[in-house]
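Report on the structure
Okay, here's what each chain looks like letter by letter:
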Amino acid sequence: MAGKHSSDEEFDFGSIPWKKIGIVLIVILAIAGLCTGIYFGKKAYDKKKQEELEKQKLTQEEQNSKKMPEEIEGYKVLGKVVIEKLEIEEYILDSFEDKALEKGIRKTLWRKFK
């Protein structure tokens with residue numbers, strides 16, 4: 001008496017829920033596509049933001065280097081004061097002598113508030 005083997009039977013492919021498998025695969029592909037889009041979108045956004053920051057930094061450095069002399073009438077320039085609302089744009093000098101202060105910010109402030 002011979003036993004029945006599974007290889008003797010034909011498999012019924014009609015019993016597989018193809019519709020459900022198809023729906024699950026579509027959902028998985030949609031989620032994977034969404035995650036990929038978010039990843040590359042964020043990567044592009046970060047790159048653009050970094051480029052903008054670098055461009056802004058270069059622009060500020062160029063403006064500072066072009067507009068600020070190292071010396072004014074023998075006095076070393078330490079920095080620059082810019083107050084847009086008061087329309088003040090003057091240099092800070094390394095000396096507190098009256099002559100130096102006349103060339104720097106004190107003269108401008110006195111002139112504005114006189």
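Our structure's up above, just so we're on the same page.
Residues numbered from 1 in each chain as written. Predicted model: local features only at pLDDT ≥ 70, side-chain atom pairs only at ≥ 80, totals over all residues. Heavy atoms only, no water.

1. Regarding the overall build of the protein chain
In terms of helices and strands, the protein chain carries 3 helices and 3 strands. Looking at the 114 residues of the protein chain, the share that counts as buried comes to 11%. Expressed as a percentage of contacts within the protein chain between residues at least 6 apart in sequence, the contacts between residues at least 24 apart total 14%. In the form shown here, the protein chain has an accessible surface area of approximately 10700 Å², with 60% of it arising from carbon and sulfur atoms. (Helix = DSSP H or I, 4+ residues; strand = E, 2+ residues; numbered from the N terminus. Buried < 20%, exposed > 50% of the residue type's maximum accessible area, 1.4 Å probe, protein only. Contact = heavy atoms within 4.5 Å. Areas by Shrake-Rupley, 256 points an atom, 1.4 Å probe, with all protein chains shown as cover.)

2. Observations regarding the packing of aromatic side chains
Following the criterion strictly, the structure yields 1 aromatic pair and no others. A centroid spacing of 5.0 Å and a plane angle of 75 degrees characterise the contact between Y39 and F40, whose relative ring orientation is edge-to-face. (Phe/Tyr/Trp six-rings, centres within 6.5 Å; stacked < 30°, edge-to-face > 60°.)

3. Quick word on the pattern of salt bridges
Tallied over the entire structure, the rule returns 1 salt bridge. A salt bridge links K42 to D46, with the shortest nitrogen-to-oxygen separation between them at 3.3 Å. Note that K42 and D46 are positioned in helix α1 (residues 18–67) at a spacing of 4 residues, about one turn of the helix. (Salt bridge = Lys/Arg side-chain N within 4 Å of Asp/Glu carboxyl O.)

4. Observations concerning the pairing of strand β2 (residues 75–83)
Relative to β2, strand β1 (residues 71–72) runs antiparallel, the two sharing 2 bridges. Paired with I72 across the bridge in β2 is Y75. Where β1 folds back onto β2 in an antiparallel hairpin, the turn is made up of 2 residues, including E73, whose phi is positive at roughly 45 degrees. Here β2 runs beside strand β3 (residues 88–93); their pairing, made up of 6 bridges, is antiparallel. Along β3, the bridge assignment pairs V81 with E90. (Pairing = 2+ DSSP bridges.)

5. With respect to the nonpolar core
Soluble globular proteins: nonpolar side chains tend toward being buried together. In terms of nonpolar packing, the biggest core is built from 5 residues, these being I72, Y75, V77, Y91 and L93. Listing elements by their share of this core, those giving two or more residues are β2 and β3. (Core = buried A, V, L, I, M, F, W, Y, C linked by side-chain atoms within 4.5 Å.)

6. Some thoughts on a nonpolar patch on the surface
On the surface, F11, F13, W18, I21, V24, L25 and I28 cluster together to form a nonpolar patch covering roughly 760 Å² of accessible area. Counting through the fold element by element, W18 comes out in helix α1. (Patch = residues over 30% accessible without salt bridge, like charges linked within 9 Å, V, L, I, M, F, W, Y side chains within 5 Å.)

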